[in-house]
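# Residue-level structural notes
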Amino acid sequence: MNHVLIVDDDADSAATMRELVGVDRFSVAVAHTLRDARRQMAMQPPSLVLLDLQLPDGNGMDLFGDQQVPQDSQIVLVTGHASLDSSIEALRRGAMDYLVKPVGIGRLEDILSRFLIPTAGLPETGTSTVTGAAFDQITPQDRPGAGYCAQEGRFGRLWGGSAPMQRLYQQIERVAGTSVTVFLTGESGTGKEVVAQTLHELSQRRSRPFLAVNCGAISPHLIESEIFGHEKGSFTGADRQHQGFFERAATGTLFLDEITEMSMELQVKLLRVLETGRFMRVGSTQTLQTDVRVIAATNRCPYEAVASGKLREDLLYRLNVFPIELPPLRERLTDVPLLAQHFMEAISQREGQAKQFTASALKQLAQYSWPGNVRELRNAVQRAYVMEPGPLVSQEWLPRPPVAIAQQPAPVHPAAHALHLPQVPQMPHMPQAGSMPMSAPLTAPLTAPSTTPITPTITAHAPADHAHAAATYDLPDTEPATIQLPIGMTMAQAERLLIQATLKQCKYQKERTAAVLGISLKTLYNRLRDYAGGKKGETDAEHG
C-alpha cells in the first residue's frame, strides 16, 4: 500500500484531506511543521507528499531538494495562498502538481489514481495511464512520441532542431506528465494547437479525448452552450439535452484557443470551473463534476489583453500556471528546410505524386521572413507543389526574400534620374517629387495641376546593370524598360503606371511582379482589381 504524507499546519484542513485521501486505499500520516514532516519521512518514506506552502517553521518550498526527502517521493503543492510565481516556482523545482484550497475532489482523485497503478510499465488498454513518478520511470522507448527525438529534429507532432525548439521540447517534456494548466502564447500560425496535441499525447490522458475549441469562431450567443452544454427547453431551439465540451472531454484534454475572444461573463464561469472542477449546463440547477485538463492559448500579449479588457486578470493568473511561448518562424529559419520537406512529403503522399525541392529552392525558403509563420510556409509549399509540373520544385513559385537596398544615393543620369527597380519594394508609398532631380530645371514654381497638359517629365529607368536585375528577379532578357512620369501626376496614378509597367516587364506573371515591387500578391491583386473596376469611370472623367 502506498504511503501519503499530508503536511498542513491547519488541523481541520489536514483532517479533511486525510478523509479525502481515504485510509482504505493508502496509509496516511499527518505533519503540521517542516520538522515534523522530515521526521515522518525518516520513519516511513512516502510515495506522495501533499504539502502546504505556509508552515509555522518555514516555507513548504524548503522541502524541494531537501536531502531527507526520498528521491522517489512526489510532491503536490496544496495551498490557499497560491500565486503565479509560487506555482511556477514549485513546478520548476519538481512539484508533480498543485492544488488550490478548498481542494476539489476530482482533482485530488486524479492525482491519487496515479499511485494506484502498477508502475512496472505502461498498461496496454484502458483509461489508466502512467504519469508523475511512473512517467519518469518509463524508458525512452516506451514514452509516446519519444522515438521522434529532438536530435532528429522532431518531437511528437513538432518539427525543428533549432535552439528555440529545443527549449520548447524541454518545457513540453517537463509539464506533459502533470495535470497542470498550460498557457500557450505566440503569433498566429506558430503551431499552438500542435503543441497542445503533443502535450496531450505525452500525458497520462493520451488514451482519452482531445478537443480543440476556437473561442473566436463560435457565436457569442452559442459559446456558453457549446462549452458547458444545455438542458432541453433551456432556450428556443433547445429540443434536446446537449453535452458541452467539458463533458465530452471528460478525463481528457480541452484546448481553448483564442481565449481572449471569450466574453468577460463567460470567463467568470470558466474561472470557477478551473478552481472547483464543477459547472452547470445552461438551464440546469444541477452541478456537475468534471475532470479535464485545460490548455489555453492566445496570439495576443496576455498582459496587454488584460489592460485592454479582453482578459480577466484573475483568469490570467489561473491559466498562466505553466506559460509556454512559441517562437515565430523568423527566429528559427534553420528549421525551414526541414519543415518544407516534411510538408512536401505529406502532400506528395496525399496526392500520389512524389516531388521534392531543389537545393536552391530550400535556400530561398530559408531566406524569407515568413510573417505568417509555419502556416504560411505550409501554404507556400502546397502552392508550389500544384504549380510545378515536374518532380523537382524550383524557386520559381516560392516567395522571394526582400532584396537589400543600397544605402548610398542612386546615381544621377546625365539626362534623367535613374529610379532603380530594386528600390520599388517601398511601394505603395512613392518618393516625393521634390526628392527626384529633374531632367531639366524648372523655371516656374509648382502650382496646382491645371487642365493644360504638363510637359516636364521624370524618366524612370530600369537598373543600369540589367543582367544582374534579370538574374535577381528572373526578368526576361530584354532592354531596360522606362516609364515617363509627368509632373503633376497624382501618387495613385504614378503607382498605377509603375505596377502596370512592371507587370508587363514580368510577362504578366503576378507572383514575380509582386516580388519585384516588394508587395504581397494579395495587394497586387487588389490593385489590379481596382484598376479594372475604375477604368471606365476614369476614361469618362478624362473625356468629360
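Rules used throughout
- Residues numbered from 1 in each chain as written.
- Predicted model: local features only at pLDDT ≥ 70, side-chain atom pairs only at ≥ 80, totals over all residues.
- Heavy atoms only, no water.
- Phe/Tyr/Trp six-rings, centres within 6.5 Å; stacked < 30°, edge-to-face > 60°.
- Helix = DSSP H or I, 4+ residues; strand = E, 2+ residues; numbered from the N terminus.
- Buried < 20%, exposed > 50% of the residue type's maximum accessible area, 1.4 Å probe, protein only.
- Pairing = 2+ DSSP bridges.
- Axes fitted to C-alpha atoms, helices over the stretch in contact; angles between N-to-C directions.
- Lys, Arg positive; Asp, Glu negative; His and termini not counted.
- Salt bridge = Lys/Arg side-chain N within 4 Å of Asp/Glu carboxyl O.
- Contact = heavy atoms within 4.5 Å.
- Polar contact = N/O pair within 3.5 Å; in protein donor to acceptor, adjacent residues only side chain to side chain.
- Arc of directions from axis to C-beta.
- Parallel < 35°, antiparallel > 145°, perpendicular 65-115°, else oblique.
- Left-handed = near helix turned anticlockwise from the far one by under 90°.
- Nonpolar A, V, L, I, M, F, W, Y, C, P; charged D, E, K, R; others polar.

## A few points about the packing of aromatic side chains
Tallying each qualifying case throughout the model produces five aromatic pairs. With centroids separated by 5.7 Å and ring planes inclined at 5 degrees, the aromatic side chains of F228 and F246 adopt a geometry described as stacked. Taken together, the positions of F228 in helix α8 (residues 223-228) and F246 in helix α9 (residues 245-248) put the pair 18 residues apart, joining distant regions of the chain. Given a relative accessible area of 3%, F228 falls into the buried group. Ring centres 6.0 Å apart and planes at 35 degrees place the aromatic pair F246 and F279 in the tilted group. With F246 in helix α9 and F279 in strand β13 (residues 278-279), this pair connects stretches of sequence that are 33 residues apart. Accessibility expressed as a relative area gives 2% for F246, which makes it buried. Members of the aromatic cluster, joined through ring pairs, are F228, F246 and F279.

## Points about the sheet that holds strand β3 (residues 48-51)
Across the sheet, five strands lie side by side as β2-β1-β3-β6-β7; this open sheet has parallel pairing. A strand with exactly one partner marks an edge of an open sheet, and here the two such strands are β2 (27-31) and β7 (97-100). Strand-to-strand twist in this sheet, taken as the mean axis angle between neighbours without regard to direction, amounts to 20 degrees. By the bridge criterion, four bridges tie β3 to strand β6 (residues 74-79) in an arrangement that is parallel. Its bridge partner lying in β6, L48 is registered against Q74.

## Considerations on the side chain of K192
For K192, the location among the structural elements is in helix α7 (residues 192-201). At 4.9 Å, E258 is the nearest oppositely charged side chain to K192, a buried residue that forms no salt bridge. The residues contacting K192, other than those within four sequence positions of it, are L184, T185, G186, E187, F255, D257, A297, T298, N299 and L326.

## Notes on the environment of A359
Here A359 is to be found in helix α14 (residues 359-365). Taking relative accessible area as the criterion, A359 reaches 64% and is therefore assigned exposed. Considering only alpha carbons, one finds A359 and P337, 22 residues apart in sequence, at a separation of 9.5 Å.

## Overview of the side chain of T190
Turning to its location among the elements, T190 is positioned in the loop between β10 (182-185) and α7. A distance of 2.7 Å separates a polar atom in the side chain of T190 from the backbone oxygen of E187. With sequence-adjacent residues up to four places away left out, T190 is seen in contact with L326, P327, P328, N373 and V374.

## Quick notes on the pairing of strand β1 (residues 3-7)
The buried count for β1 comes to five of five residues, which makes it a mostly enclosed element. Where burial is concerned, the two faces of β1 agree: the one with H3, L5 and V7 and the one with V4 and I6 are both buried. With four bridges joining them, β1 and β3 adopt parallel strand pairing. By the bridge assignment for β3, V7 is matched with L51.

## As for the environment of M262
Inspection of the secondary structure assignment puts M262 in the loop between β12 (253-257) and α10 (264-276). Through-space distance from the C-alpha of M262 to that of S219 is 9.9 Å; in sequence the pair is 43 residues apart. If we ignore the near neighbours within four places in the chain, the residues touching M262 are C215, I227, Q267, L270 and K310.

## Considerations on unusual backbone geometry
If you check the backbone angles, T251 has positive phi at about 65 degrees while not being a glycine. Positive phi values are uncommon outside glycine, yet E258 reaches one of about 50 degrees. Within the secondary structure, E258 sits in the loop between β12 and α10.

## Focus on helix α1 (residues 11-21)
Note on helix geometry: an α-helix contains 3.6 residues per turn, so any two residues three or four positions apart are oriented the same way. Along α1, the positions that sit buried rather than exposed are S13, A14, M17 and V21. Taken end-on, α1 shows its buried residues confined to a sector of 100 degrees, consistent with a single buried face. Counted as exposed and oriented over 90 degrees from the buried face of α1: D12 and E19. Close packing links the buried residues of α1 with β1, β2, β3, β6 and α4 (105-113). Two to three positions downstream of the cap, the backbone nitrogen of D12 sits 3.0 Å from a side-chain oxygen, assigning the N-cap of α1 to D10. Following α1 by one or two positions, G22 has its phi on the positive side, about 90 degrees.

## Topic: the packing of helix α13 (residues 336-351) against helix α15 (residues 373-387)
At a minimum axis distance of 9 Å, the contact between α13 and α15 shows a crossing angle of 50 degrees. Of the possible angle classes, the one that applies to α13 and α15 is oblique. Between α13 and α15 lies a crossing of right-handed hand. Across from V336, L339, A340, F343, M344, I347, S348, R350 and E351 in α13, the residues of α15 making contact are V374, L377, R378, V381, Q382 and Y385. Its residues assigned to classes, the contact of α13 with α15 shows ten nonpolar, two polar and three charged.

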